[in-house]
Amino acid sequence: MVTVVYSSLSSPPAGTFGRPALTVLNELKALDIAFDLPNDRRFPIFISALGEIIWSATIWVHSAGIKSASGSKKTIQTYTEHMVCWLRFLERHPSNISESTIDSLEGRIEDATEETLLALRNGMRDGISERTGKPLETSTINDRTSAIERFYIWADKKGFFSSRLRYSPSQYYSGYLENQANESYRLKLNQDEQIPQLVPTSTFHRILSLATKSERLAYRWMLCTGARRSETCAFNIGDVPDVSDADPSITPIFDIRIRRKGGKYAPLKVPFHLIEELNWYIALERLPELKRRKISDREIDAQPVFVNSQGNRFSGDHFGARFRAYARQCNIDCTPHDLRHTYATCALKMLDDMARKGRQINPLKILQILLGHSQISSVEIYLKALDINSAEVVKVLDYLYGSTLKNVDLAAGVSDD
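Overview of the structure. (Residues numbered from 1 in each chain as written. Predicted model: local features only at pLDDT ≥ 70, side-chain atom pairs only at ≥ 80, totals over all residues. Heavy atoms only, no water.)

**Digging into the side chain of Thr232**
Alright, step 1. Along the chain, Thr232 turns up in helix 9 (residues 229-233).
Alright, step 2. Given a relative accessible area of 1%, Thr232 falls into the buried group.
Alright, step 3. In this structure the side chain of Thr232 is engaged in a polar contact, spanning 2.9 Å, whose partner is the backbone oxygen of Arg228.
Alright, step 4. When residues no more than four places from it in sequence are discounted, the contact partners of Thr232 are Ala218, Trp221, Met222, Ala227, Phe306 and Phe319. (Helix = DSSP H or I, 4+ residues; strand = E, 2+ residues; numbered from the N terminus. Buried < 20%, exposed > 50% of the residue type's maximum accessible area, 1.4 Å probe, protein only. Polar contact = N/O pair within 3.5 Å; in protein donor to acceptor, adjacent residues only side chain to side chain. Contact = heavy atoms within 4.5 Å.)

**Some remarks on the packing of aromatic side chains**
Ring pairs (aromatic) are described by centroid distance and by the angle formed between their planes.
Alright, step 1. Using the criterion set out here, one finds 15 aromatic pairs in the structure.
Alright, step 2. For the pair Trp86 and Tyr152, a centre-to-centre distance of 6.0 Å together with 85° between the ring planes defines the contact as edge-to-face. Of this pair, Trp86 sits in helix 3 (residues 73-92) while Tyr152 sits in helix 6 (residues 138-158), and the two are 66 residues apart along the sequence. Of the two residues, Trp86 and Tyr152, both sit in the buried class.
Alright, step 3. Where Tyr219 meets Tyr326, the ring centres are 6.5 Å apart and the plane angle is 70°; that geometry is what we call edge-to-face. Note that Tyr219 is positioned in helix 8 (residues 213-225) and Tyr326 in helix 12 (residues 316-329), a separation of 107 residues in sequence. Here the two residues Tyr219 and Tyr326 agree in accessibility, since each one is buried.
Alright, step 4. Three or more aromatic residues joined by ring pairs make a cluster, and in this case those are Trp60, Tyr79, Trp86, Phe89, Phe151, Tyr152, Trp154 and Phe160. (Phe/Tyr/Trp six-rings, centres within 6.5 Å; stacked < 30°, edge-to-face > 60°.)

**Focus: the nonpolar core**
Alright, step 1. Membership of the largest hydrophobic core comes to 45 residues, with the highest contact counts inside it found for Tyr219, Trp221, Phe235, Leu278, Val305 and Phe306.
Alright, step 2. For this core, the elements supplying multiple residues, two or more each, are helix 7 (201-210), helix 8, strand 3 (253-259), strand 4 (265-271), helix 10 (272-292) and helix 12.
Alright, step 3. Residues in contact with Phe235, not counting those within four places in the same chain, are Trp221, Val240, Ile256, Ile258, Leu278, Gln303, Pro304, Val305, Phe306 and Arg313.
Alright, step 4. One finds Leu105, Ala147, Ile148 and Phe151 within the second-largest nonpolar core, a separate group that totals 30 residues. (Core = buried A, V, L, I, M, F, W, Y, C linked by side-chain atoms within 4.5 Å.)

**Thoughts on unusual backbone geometry**
Alright, step 1. Of note, the phi angle at Lys294 is positive, near 60°, even though the residue is not glycine.
Alright, step 2. You can see Lys294 is positioned in the loop between helix 10 and helix 11 (297-300).
Alright, step 3. By relative accessible area, which is 73% here, Lys294 ends up exposed.
Alright, step 4. In the Ramachandran plot, Asn331 falls in the positive-phi region, its phi being about 60° despite a non-glycine side chain.
Alright, step 5. Judged by relative accessible area, which is 72%, Asn331 ranks as exposed.

**What to know about the pattern of salt bridges**
Alright, step 1. Applying the stated criterion to the full structure yields seven salt bridges.
Alright, step 2. The closest approach of N and O atoms between Glu285 and Lys213, which form a salt bridge, is 2.9 Å. Placement of Glu285 in helix 10 and of Lys213 in helix 8 is noted, with a sequence separation of 72 residues between them.
Alright, step 3. Residue class for Glu285 comes out partly exposed when judged on its relative accessible area of 34%.
Alright, step 4. A salt bridge links Lys269 to Asp255; the nearest nitrogen and oxygen atoms lie 2.5 Å apart. Taken together, the residues span a long stretch of sequence, with Lys269 in strand 4 and Asp255 in strand 3 at a distance of 14 residues.
Alright, step 5. Using a relative accessible area of 6% as the deciding quantity, one classes Lys269 as buried. (Salt bridge = Lys/Arg side-chain N within 4 Å of Asp/Glu carboxyl O.)

Structural data, given as structure tokens:
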């Protein structure tokens, strides 16, 4: 069975591949891969049942995952899971290649056709996830199928082998398929349209009553800014601006530059009063705790704002699990990302109401900026013309901030004075 080991230049793997670890690294280097990984970053190496390194898969995950825009551990894990699923399927799947090369997994990889990929897709549709023990989501099946197809296009382009899948147009998966009658279209399963789930205000306040002080502020931060879970967990003390000399009547919204999805740094729009509250929390709660833990002054800026019960940075999984546990106690099945959905839905409704009453604004484009979505090239000229600190946005963010302090109906919006 295909296995995965992880290595980094700082701690090479033991000689588990039938060759010394140094030889493995030298072979990788010989393929002109730029290993510019942080010391704590490890990359996956795929090993066949015969103990051979599966070079095409190993290098693709490095190129597509580690060197992607985000390069996060979660991205690498996802690409690795996609490839392990495919390689183990090929080990079990009847091969069309000659008996003389039947034991070569690299041969099976090269020999795969669209029908092979369809067989994997159908198997995933009827199967159970090894990691969760639940049926795979349709979106996961489509993502996995798409990733494998991209692997073949990449491998053909890089000259690893002449792929039989390279003629399957990948444009569909980039959102550019014009002819849906194309054969490649049948690789994708139809998905039911997902309607964003909102967190009712009464439920949100019940969740706050169950959470720790740090969690309460983190949840309110997400609802007031639309920040993602990963962005919230990565938020550091040094990211919070000092607003002691600021005048909210002049600067009602602050830009806080954070690392957003895709690895890019972009501003998050935050109402003045929320930043003021963060500063008080840091001064009264976080700094005294860091002093007790003997954290030096030069290290404080890199410390997390929101922490778990041990005073350490939340992992994304732990943060999500805690929120879901509180939600279940409130008889609702929701995740932290639903706070972002609530933010977006409320903001869009309010902005749309303003536009209908004559305000010269484009609600969707404003929301796109507020949420930090990256695919804005087609509307860039319009985005540059927007006044994102306009009175309309101030009104939306002030309303959302106020909703976290008192029980108001988020879905109702506010009237336009």
